[in-house]
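Per-entry structural report
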Amino acid sequence: MIDALELVRPDDWHLHLRDGVVLADAVAHTARQFARAIVMPNLKPPVTRVEDAAAYRERITAAVPPALAGRFTPLMTLYLTDATPAEEVARARDCGFVHGVKLYPAGATTNSQSGVTDLSRVFPVLEAMQQVGLPLLVHGEVTDPGVDVFDREAVFLERQLAPLLGRLPDLRVVVEHITTAEAVAFVRAAGPRVAATITAHHLLYSRNAMFTGGVCPHYYCLPVLKRERHREALVEAATSGEPKFFLGTDSAPHPRRAKESACGCAGIFTAHAALELYAEAFERAGALDRLQGFASEFGPRFYDLPVNRDKVRLERATWEVPAAYPFGHDELVPLRAGERLAWRMVD
Ligand SMILES: NC(=O)N[C@@H](CC(=O)O)C(=O)O
Ligand SMILES: [Zn+2]
Ligand SMILES: [Zn+2]
């Protein structure tokens, strides 16, 4: 049995940090574990322009705890809307700190109201992205209310992404937070410019978790957890050693009262123990030796960035996750609140 694990410091290729009074509370967790993170732009209002991303980046950097200052780099993204001008793509490429443009189908998830209503409306932007090599980061779910919520990812890939890649075969695409066997197969069959991120919670849980002993809002996220066979397909992909699949926590903090509500919002917070949770999933699959590729090497390779130089250390040591963490004027219930974890990252 392995008792300690040293990894090249990983990066988180899909993260929500929010803004305002909660920003410092959110970023502290991620800056402790990761060197860089692709920061999602679904703020209110969304980060649609390079200037917005520059200002948000400054606020994030200023919110990093002093002890970790300079060690954490936010990698910024723009929120694609029907009104995004194609010229924004060149500005994004030239600024050097924007690493992707995020597609939220309008209404698909948290703060996606300003998202894209029809892919045909953003075609010129996507063409420009293909031209300059700026990745498109996709929340891959259709919003058609006639499509079952558990099928929305598979239907999106078939009806929207496949035709898009047919028209723009050189577009670089990250299918974010994949949740199904269909998505694994889609990404594998696509060309080398198509990759996917996988969350820790989708590796660890099936949809049963949402309903064990009652309705459990802290297991609700989008795309929603799926059946066990999909979880198994995700574990197989993540531990396969294929560079198309890499780490993206989709850690998505919400105040406790927004989660524990008659209409609880979507998002699972995992940044407090991201590496511990991934280590657990990889260990269960007998693939701890594949964790470094997934967590630290394949993401930088896709995004054309250098692999980090320092290391992190995980030890087999049980610790209890707090019942809640501070979150501005409210609090945040983390995944595994009050439960024990088998791995611990050493600071
Ligand atoms: N994943 C989620 O359930 N929620 C995310 C949005 C997203 O990543 O789709 C959020 O911003 O809260
Ligand atoms: Zn999403
Ligand atoms: Zn997300």
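Residues numbered from 1 in each chain as written. Chains lettered and ligands numbered in written order. Predicted model: local features only at pLDDT ≥ 70, side-chain atom pairs only at ≥ 80, totals over all residues. Heavy atoms only, no water.

Quick notes on the sheet that holds strand S8 (residues 194-198)
Taken in spatial order, the eight strands of this open sheet run S2-S3-S4-S5-S6-S7-S8-S9, and their pairing is parallel. At either end of the open sheet lies a strand with only one pairing partner, and these are strand S2 (12-15) and strand S9 (245-247). Adjacent strand axes in the sheet meet at a mean angle of 30°, parallel and antiparallel pairs treated alike. The sheet contact formed by strand S6 (residues 136-138) and strand S7 (residues 173-175) spans three bridges and is parallel. When the sheet's bridge partners are listed, Val 138 is paired in S7 with Val 175. (Pairing = 2+ DSSP bridges. Helix = DSSP H or I, 4+ residues; strand = E, 2+ residues; numbered from the N terminus. Axes fitted to C-alpha atoms, helices over the stretch in contact; angles between N-to-C directions.)

Section: the packing of helix H1 (residues 23-33) against helix H2 (residues 50-63)
For the pair H1 and H2, the least separation of the axes is 9 Å and the interaxial angle reads 70°. The angle between H1 and H2 places the two elements in the roughly perpendicular class. Where H1 approaches H2, its residues Leu 23, Ala 24 and Val 27 are matched on the opposing element by Arg 59, Ile 60 and Ala 63. For the contact of H1 with H2, a count of residues per class yields five nonpolar, no polar and one charged. (Parallel < 35°, antiparallel > 145°, perpendicular 65-115°, else oblique. Contact = heavy atoms within 4.5 Å. Nonpolar A, V, L, I, M, F, W, Y, C, P; charged D, E, K, R; others polar.)

Observations concerning the packing of aromatic side chains
What the rule picks out here adds up to nine aromatic pairs. A centroid spacing of 6.4 Å and a plane angle of 70° characterise the contact between Phe 246 and Tyr 303, whose relative ring orientation is edge-to-face. Residue Phe 246 is found in strand S9, and its partner Tyr 303 is found in helix H11 (residues 291-303); the two are separated by 57 residues along the sequence. Owing to a relative accessible area of 0%, Phe 246 belongs among the buried residues under this scheme. Judged by relative accessible area, which is 5%, Tyr 303 ranks as buried. Aromatic side chains Phe 302 and Tyr 303 sit 5.4 Å apart centroid to centroid with 75° between the ring planes, which places their arrangement in the edge-to-face category. Cation over ring: Arg 172 sits above Phe 302, and NZ or CZ is 5.2 Å from the ring centre. We note Arg 207 situated over the ring of Phe 150; from NZ or CZ to the ring centre the distance is 4.5 Å. (Phe/Tyr/Trp six-rings, centres within 6.5 Å; stacked < 30°, edge-to-face > 60°. Buried < 20%, exposed > 50% of the residue type's maximum accessible area, 1.4 Å probe, protein only. Lys NZ or Arg CZ within 6 Å of the ring centre and 35° of its normal.)

Concerning the site of ligand 1
Around ligand 1 lies a shell of 15 residues, among which Arg 18, Thr 109, Leu 222, Asp 250 and His 254 are the nearest. Residue Thr 109 places a side-chain N or O atom 2.7 Å away from an oxygen atom belonging to ligand 1. At a separation of 2.8 Å, an oxygen atom of ligand 1 approaches a polar backbone atom of Leu 222. Look at ligand 1: alone it shows 320 Å² of surface, and the protein chains cover 100% of it. (Near = heavy atom within 4 Å. Polar contact = N/O pair within 3.5 Å; in protein donor to acceptor, adjacent residues only side chain to side chain. Areas by Shrake-Rupley, 256 points an atom, 1.4 Å probe, with all protein chains shown as cover.)

Some remarks on the sheet that holds strand S13 (residues 340-346)
The three strands are arranged S1-S10-S13 in an open sheet whose pairing can be described as antiparallel. Each edge of the sheet is formed by a strand with only one pairing partner; in this case those strands are strand S1 (4-8) and S13. This sheet shows a mean twist of 35° between the axes of neighbouring strands, independent of strand direction. One ladder, built from six bridges, connects strand S10 (residues 311-320) with S13; its direction is antiparallel. Of the residues in S13, the one forming a bridge with Glu 320 is Arg 340.

Digging into the coordination of the zinc ion (ligand 3)
With distances of 2.0 Å, the protein atoms coordinating the zinc ion (ligand 3) are His 14 (NE2), His 16 (NE2) and Asp 250 (OD). Of note, the zinc ion (ligand 3) draws all its donor residues from one chain, in the sequence arrangement H-x1-H-x233-D. The metal-metal distance between the zinc ion (ligand 3) and the zinc ion (ligand 2) is 3.9 Å. Here His 14 is found in strand S2, whereas its partner Asp 250 is found in the loop between S9 and helix H9 (256-259), with 236 residues between them in sequence. Judged by its relative accessible area of 5%, Asp 250 is buried. (Donors = N, O, S within 2.8 Å, 3.2 Å for Na, K, Ca; no water.)

What about the side chain of Arg 36?
In this fold, Arg 36 is placed in strand S3 (residues 36-39). Relative accessible area serves as the criterion here: at 8%, Arg 36 is assigned to the buried category. Polar side-chain contacts of Arg 36 include one of 2.8 Å to the side chain of Asp 11.

Topic: the UniProt feature "binding site: substrate" (unreviewed entry) in the protein chain
Mapped onto this numbering, the UniProt entry annotates "binding site: substrate" (unreviewed entry) at His 16, Leu 17, Arg 18, Asn 42, His 139, Leu 222, His 254 and Ala 266. In the annotated set above, the residues contributing to the lining of the largest cavity are His 16, Arg 18, Asn 42, His 139, Leu 222, His 254 and Ala 266. Looking at the secondary structure, you find His 139 in the loop between S6 and helix H5 (152-167). By relative accessible area, which is 1% here, His 139 ends up buried. Setting aside its immediate chain neighbours within four residues, His 139 contacts Lys 102, Leu 103, Tyr 104, Pro 105, Ala 108, Thr 109, His 177, Leu 222 and Pro 223. A distance of 2.8 Å separates polar atoms of two side chains, one belonging to His 139 and the other to Glu 141. If we skip the residues at most four places from it in the chain, Leu 222 touches Ala 108, Thr 109, His 139, Glu 141, His 177, Asp 250 and Ala 266. (UniProt positions renumbered as here; feature names shortened; annotations may be inferred. 1 Å grid on protein atoms, 1.4 Å probe; cavity = no way out; pocket = protein on both sides within 12 Å on 5 of 7 lines; lining within 4 Å.)

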